[in-house]
Every structure is written in C-alpha cells, then in structure tokens.
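Coordinate inspection notes
Each chain is listed here by its residues.
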Amino acid sequence: MNLLEARINLDAIAANTAKLKAKVAPAQLMCVVKADGYNHGAPEVAKVMQAAGADQFGVATFAEALALHQSGVQLPIMCWLWSPDQNVGEVLDAGITVAVASKSQVDAVLAHGRGKVVLKIDTGMHRSGVLQPQWGEIMQALASSPLEVTGLMSHFACADDLKSSATDEQIALFEQAIQQGRSLGLELPCNHIANSPAVLSRPDAYFQMVRPGIALYGCEPIQGHDHGLKPAMQWVAKVTVVKEIAAGDPVSYGHTWRAPHDGAIAIVPVGYADGLARAAQGHVEVSIAGKRFKQVGRVCMDQIVIFLGADDAGVQPGDEAVIFGPGGMSASDLAEALGTINYEIVCSPKGRTRRVYEQTHHQHAENQEQA
Ligand SMILES: Cc1ncc(COP(=O)(O)O)c(C=O)c1O
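An account of the accompanying structure is given in this report. The model shown is predicted, which means the values in this text are computed figures rather than measured ones.

Reading the values: the criteria
- Residues numbered from 1 in each chain as written.
- Predicted model: local features only at pLDDT ≥ 70, side-chain atom pairs only at ≥ 80, totals over all residues.
- Heavy atoms only, no water.
- Helix = DSSP H or I, 4+ residues; strand = E, 2+ residues; numbered from the N terminus.
- Buried < 20%, exposed > 50% of the residue type's maximum accessible area, 1.4 Å probe, protein only.
- Lys, Arg positive; Asp, Glu negative; His and termini not counted.
- Charge placed at Lys NZ, Arg CZ, Asp CG, Glu CD.
- Pairing = 2+ DSSP bridges.
- Axes fitted to C-alpha atoms, helices over the stretch in contact; angles between N-to-C directions.
- Contact = heavy atoms within 4.5 Å.
- 1 Å grid on protein atoms, 1.4 Å probe; cavity = no way out; pocket = protein on both sides within 12 Å on 5 of 7 lines; lining within 4 Å.
- Points joined across faces, edges and corners; volume = space filled by probe spheres on them.
- Nonpolar A, V, L, I, M, F, W, Y, C, P; charged D, E, K, R; others polar.

Considering the overall build of the protein
Along the protein, the regular secondary structure elements total twelve helices and 19 strands. For the protein, the spread of C-alpha atoms along the three principal axes comes to 80 × 50 × 40 Å. When burial is assessed residue by residue, the protein has 50% of its 371 residues classed as buried. The protein carries 28 positive and 38 negative side-chain charges, and their two centres are separated by 1 Å.

Overview of the sheet that holds strand 10 (residues 233-238)
Pairing in this open sheet of nine strands is mixed, and the strands run 11-14-17-16-15-18-10-1-19 from one edge to the other. Unpaired on one side and paired on the other, strand 11 (241-245) and strand 19 (354-358) mark the two borders of the sheet. Going across the sheet, the axis of each strand differs from the next one's by a mean of 35°, ignoring polarity. Bridge count between strand 1 (residues 4-9) and strand 10: five bridges; the pairing is antiparallel. Note on strand 10: the bridge partner recorded for A6 is W235.

A look at the environment of K116
Of note, K116 is situated in strand 6 (residues 116-120). Assessed through its relative accessible area of 34%, K116 is described here as partly exposed. Along the sequence, K116 and T150 sit 34 residues apart, while their C-alpha atoms lie 6.6 Å from each other. Discounting chain neighbours no more than four positions away, the residues touching K116 are L92, I96, T97, V98, E148 and T150.

Here's the deal with empty space enclosed by the protein
The gaps left among the atoms become clear once a water-sized probe is rolled over them. The tally for this structure, following the rule as stated, stands at one cavity of 30 Å³ or more. What the largest cavity holds in volume is close to 40 Å³. Every residue along the wall of the largest cavity is listed here: K120, I121, D122, T123, M125, R127, S128, S154 and H155. Looking at the lining of the largest cavity, its residues break down into two nonpolar, four polar and three charged.

Below, the structure written as structure tokens:
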C-alpha cells in the first residue's frame, strides 16, 4: 500500500445508491457528486452510481459539470453554482442543465436563449435561490422564453433536525411555488428539494426527484440515527516507526504531551498538509489491527505520534493504521470528536493521500487473470 491512502469501496457506493433508489421510487434519483464526489473521485463513483440506479447527477460548478460530462457519463448532469459573468452558453450547449438562482442568472440564460434550466427558489435556506416576491416575474419571463424549464429546485436548511418545523414550512412553500409556476404556464415536470436527511426521513419531500449526496457515500446524515448505510471511505496510513519512550518524555512540537509511564510510541505518516487538522490534537484515535491508540502531542505537517501503551502492543512498522473508516473511528465518530460533521471529515483527506478503489467483481477479474 501507499504510505497514506483513501480507500474507496465502490461496492458500498453501489449498495447505498441502490438502497436510496429503491426507497424513493417512483421518484428519480439525482446523485450529488460535487466536490469531486465528496472527495471520493467523481468520475469513478458516478460510473458505479449510474450502474446502480442513478437517474441524473448533480454538481456545484460549471467546471465540475463539464469535467463529468467529458468523463463519459451518459446520464443528465445539472449544476447550480455560478456567476453571471461565466460562460453559461458553453455549459447549456453541452446539454448540461443549469440552475438559475437570481435575476441576473436568469438574464444570462435568457440572453443565451436555448438549453435546459431549473429555477432555484429560496424556501427558507436563505443561501442562493430566488426569493418569493420575485417568483412571479421570473417564472413569467422563463415561461415566455424558448428555454426548457425542467422544474423547480430548493434546498433544506434543517432536514437533519427531525424536530425542526423549518422542513414543513419549506415543503409547503415549495408546493406553493410549483402551483404558481404551473399557473403561469411552466410545465415543471421534475421538481426537487430533498437532500440526504430528507430522503431518509421525509417521503413527503420527494416530489419527482431527490438530490442526496452524503448518504451515497455511506455517512449517516441524521446524527444519532443509523440508516444502515455502508461507509465508502477508509483513510489509512502505514506505520513508519515504532520506538520506546520513557516515563515523562515529551512528544512533538512544543512538548505538549509527556508519556505517563515507560512504553512505546508509533509514528503515523499523516499531518495537516494531508488534511488532518492541527486542531485535532488529542481528539483522534487511530486503529491498528482492531486496537485503538490515542494520538498524542502536536499534529505536525506530515506526521502524528500515537501512544501504544506499556509496550509496543504488537505494532510494527508497515502496519496499517486506520485514521477513520471501517476498522477504525467512523467518519461520524471523528466528526463528533473534532466538533464538525462527517461531510467535512470525508472531504478532508488530501496532500500525500493516494486514492485507491476497491470493487469486488474487479478483484475477481484480476484473480482470474492471475489464475
Ligand atoms: C443544492 C444541493 N443539493 C443537494 C445536496 C446534497 O446534500 P446532502 O449531501 O446533505 O445529501 C447539496 C449538498 O450540500 C446541495 O448543495
């Protein structure tokens, strides 16, 4: 293995995709693969999602949409994050659906005059999206244009909080907007608002399509719940050094930690340049052969130190140390320890991390070739 790997289990991606697809049918499934597939590799996961039941793909930026288009995926692609001074015509002409989230974005697509668009409305998230007072004017302008308006989209602010009434309010406003659009002459065949937590908890939010991201990668989107998703990413490093440490000896920059007794430490080659935040100090537990070991002292640019206890606990250089993922802390556990969310954890591995894909039937194929 490489010194530092993000192992991506494509079987898990396939299983999660199929699970969500079965859950939402007959609604369509748009798989969100923005941010390079939540850092799992967009072209690779998209191929697997396509085979496992995806109907469309969603990304944020034009660059992401064009790259995915060029990677050869067959399914429709939509993107929603852009500035009106960008070349929207190029994206529309590539057959990519573009979400319009403001008056100036609407003006830009009207000026181009052809292609597929989705109107992104603000139902309470108060991020991008057209506010209610402007809906009528914009819907009319789109209805009388040659553009194909495939539907409305919006985004939930609090769907992961099952007690929040915000989701009910957003659904009611979304329904109202669909009615208004249809009364103004828009057909709106495919409307969508549901992210992962809504897919798992709000069938009344499915409309004609859903737009999950994090659940496809096997991370639980509703804290404290377990929807049986299969984590797809495991961040693993190879132990470089195992050595003794004497009681009271300090470790790493600033000598912020001292060994409580004689024992052993191991060096794990991951640091803040690879996406393990320096502020993670003292909150991480690394797993080796199923045993958990505390990270101690400062997180360096390339390395962390773990305390093995009174002896080396059988740990040897070359052993695999799981930083998060199957066999170690889950992305959700690590997120909780670091005061963040599992989304940020899976987006973290970078720097010297090498991405490696694992897929059962490919392994079979390799084995057969060797045999
Ligand atoms: C517009 C939009 N739709 C859908 C998603 C998917 O959300 P989640 O990963 O929570 O399922 C995102 C991601 O934040 C998004 O920005």
